[in-house]
Amino acid sequence: MSQDDLKLSVARAAVNYVPEGKIIGVGTGSTANFFIDELARIKDRIAGTVASSKATAERLVSHGIRVFDLNDIHDSIPVYIDGADEISGTGAMIKGGGGALTREKIIASASDRFICIADESKLVTTLGKFPLPVEVIPMAHELIARKLDALGGQARLRLKDGKPFITDNGNVILDISGLQIARPEELERIINNMAGVVTVGLFAQRGANVCLLGSPDGVKVLEFDK
Ligand SMILES: O=C(CO)[C@H](O)[C@H](O)COP(=O)(O)O
């Protein structure tokens with residue numbers, strides 16, 4: 001079974017978590033893209049979506065699925081469905097490999113439940129092998145990189161085609177490698193408190209409620225106490 005087969009299997013399983021007649025939050029990345037394609041099959045059963053990136057909004061619209069601005073939604077969102085770069089046994093995650101971490105965290109915070117969809121390679125004992133993304137205001141990236149290095153990692157400015165990668169919000173990303181994240185909630189607070197940081201891609205204070213994990217033996221359902 002290929003990794004794409006596993007992603008497709010969890011995307012299909014996630015459709016069962018979509019409530020009828022509601023607006024749902026939709027994540028970003030290759031696994032989320034499989035989910036969007038599956039969601040298209042049941043689009044008449046939902047009221048619409050809120051997208052965590054411009055790319056996701058474009059894909060949803062290309063399927064004829066309605067996309068709302070978060071500012072126009074006044075109720076809580078019942079579910080947010082998204083992938084992860086790593087997920088721990090307690091539901092804490094590293095996200096932002098696709099650069100959409102800030103909008104992902106905003107929509108996750110507006111949602112009652114976070115359903116993580118991932119292939120089994122994403123499940124780890126300790127977060128940190130995947131470089132931790134941090135979205136930063138451009139004028140502060142050198143300053144923040146020094147502060148992040150002092151935490152014991154090595155922060156590198158994310159590049160695309162030889163130039164700084166620019167997020168949907170007009171900011172840059174530092175990827176921190178070499179971290180072993182023993183206390184994700186504490187590290188999330190420390191990094192979020194640095195002036196110039198927009199968001200750290202640690203989702204620990206608001207982690208996943210459920211993880212649908214794709215494996216060759218089928219989709220495993222991990223539930224986390226929240
Ligand atoms: O956080 C994300 C994007 O910002 C993605 O959820 C994460 O990178 C996983 O992506 P994929 O499903 O392609 O492995």
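These figures come from a predicted structure and were not determined experimentally.

Mapped onto this structure's residue numbering, the UniProt feature "active site" (unreviewed entry) falls at Glu-104. Tracing the backbone through its elements, the reader meets Glu-104 in helix H4 (residues 101-109). The class of Glu-104 is buried, set by 31 C-beta atoms lying within 10 Å. Once residues within four sequence positions are removed from consideration, Glu-104 is found in contact with Gly-27, Thr-28, Ser-52, Asp-82 and Lys-95.

Attention now goes to the nonpolar core. Core analysis: the biggest nonpolar cluster contains 60 residues, and Cys-116, Ile-117 and Val-134 have the highest contact counts within it. Counting only domains with at least three residues in this core, you end up with domain 1 (3-123 + 205-223) and domain 2 (132-200). With near-sequence residues (within four places) excluded, Cys-116 lies in contact with Asp-82, Ala-84, Ile-87, Met-93, Ala-208, Val-210 and Cys-211.

With that out of the way, let us pick up the sheet that holds strand S10 (residues 154-157). The strand order across the open sheet formed by four strands is S10-S13-S9-S14, and the pairing between neighbours is antiparallel. Both outer strands of the open sheet, S10 and strand S14 (197-200), are each paired with one neighbouring strand and no more. Mean inter-strand twist for the sheet, computed between neighbouring axes without regard to direction, equals 25°. Across the face of the sheet, H4 comes into contact with strand S9 (132-136) and S14 while running at roughly 70° to S14.

The description of two packed helices rests on the angle between their axes and on the distance between the axes. At a closest axis distance of 10 Å, the pairing of helix H2 (residues 30-39) and helix H3 (residues 54-62) adopts a crossing angle of 20°. Judged by the angle between their axes, H2 and H3 are roughly parallel. The two elements H2 and H3 cross, and the hand of that crossing is right-handed. On H3, the residues touching Ala-32, Asn-33 and Ile-36 of H2 are Thr-56, Arg-59 and Leu-60. Taken together, the residues of the contact of H2 with H3 break down into three nonpolar, two polar and one charged.

Looking now at H2. For H2, the full list of buried residues reads Thr-31, Ala-32, Phe-34, Phe-35, Ile-36 and Leu-39. The inward-facing, buried residues of H2 contact helix H1 (3-14), strand S1 (23-26), H3, strand S4 (77-82) and strand S7 (111-119).

Our focus in this paragraph is the domain arrangement of the protein. Domain boundaries in the protein define domain 1 (3-123 + 205-223) and domain 2 (132-200). Domain 1 and domain 2 are separated by 24 Å when their C-alpha centres are compared. In this complex, domain 1 contributes 13 residues to the contact, which on the side of domain 2 involves 13 residues. Among the elements that line the side of domain 1 that touches domain 2, the one with the most residues is H4, at four residues. Taken together, the residues of the side of domain 1 that touches domain 2 break down into four nonpolar, six polar and three charged.

With the exception of glycine, most residues fall at negative phi, and the peptide bonds are largely trans. Phi at Asp-161 takes a positive value of approximately 50°, unusual for a residue other than glycine. Within the fold, Asp-161 resides in the loop between strand S11 (159-160) and strand S12 (163-164). Accessibility expressed as a C-beta count within 10 Å gives 5 for Asp-161, which makes it exposed.

Quick notes on the rules
- Residues numbered from 1 in each chain as written.
- Predicted model: local features only at pLDDT ≥ 70, side-chain atom pairs only at ≥ 80, totals over all residues.
- UniProt positions renumbered as here; feature names shortened; annotations may be inferred.
- Helix = DSSP H or I, 4+ residues; strand = E, 2+ residues; numbered from the N terminus.
- Buried ≥ 20, exposed ≤ 12 C-beta atoms within 10 Å, placed from the backbone.
- Contact = placed C-beta atoms within 7 Å.
- Core = buried A, V, L, I, M, F, W, Y, C linked by C-beta atoms within 7 Å.
- Domains from an automatic or database assignment.
- Pairing = 2+ DSSP bridges.
- Axes fitted to C-alpha atoms, helices over the stretch in contact; angles between N-to-C directions.
- Parallel < 35°, antiparallel > 145°, perpendicular 65-115°, else oblique.
- Left-handed = near helix turned anticlockwise from the far one by under 90°.
- Nonpolar A, V, L, I, M, F, W, Y, C, P; charged D, E, K, R; others polar.

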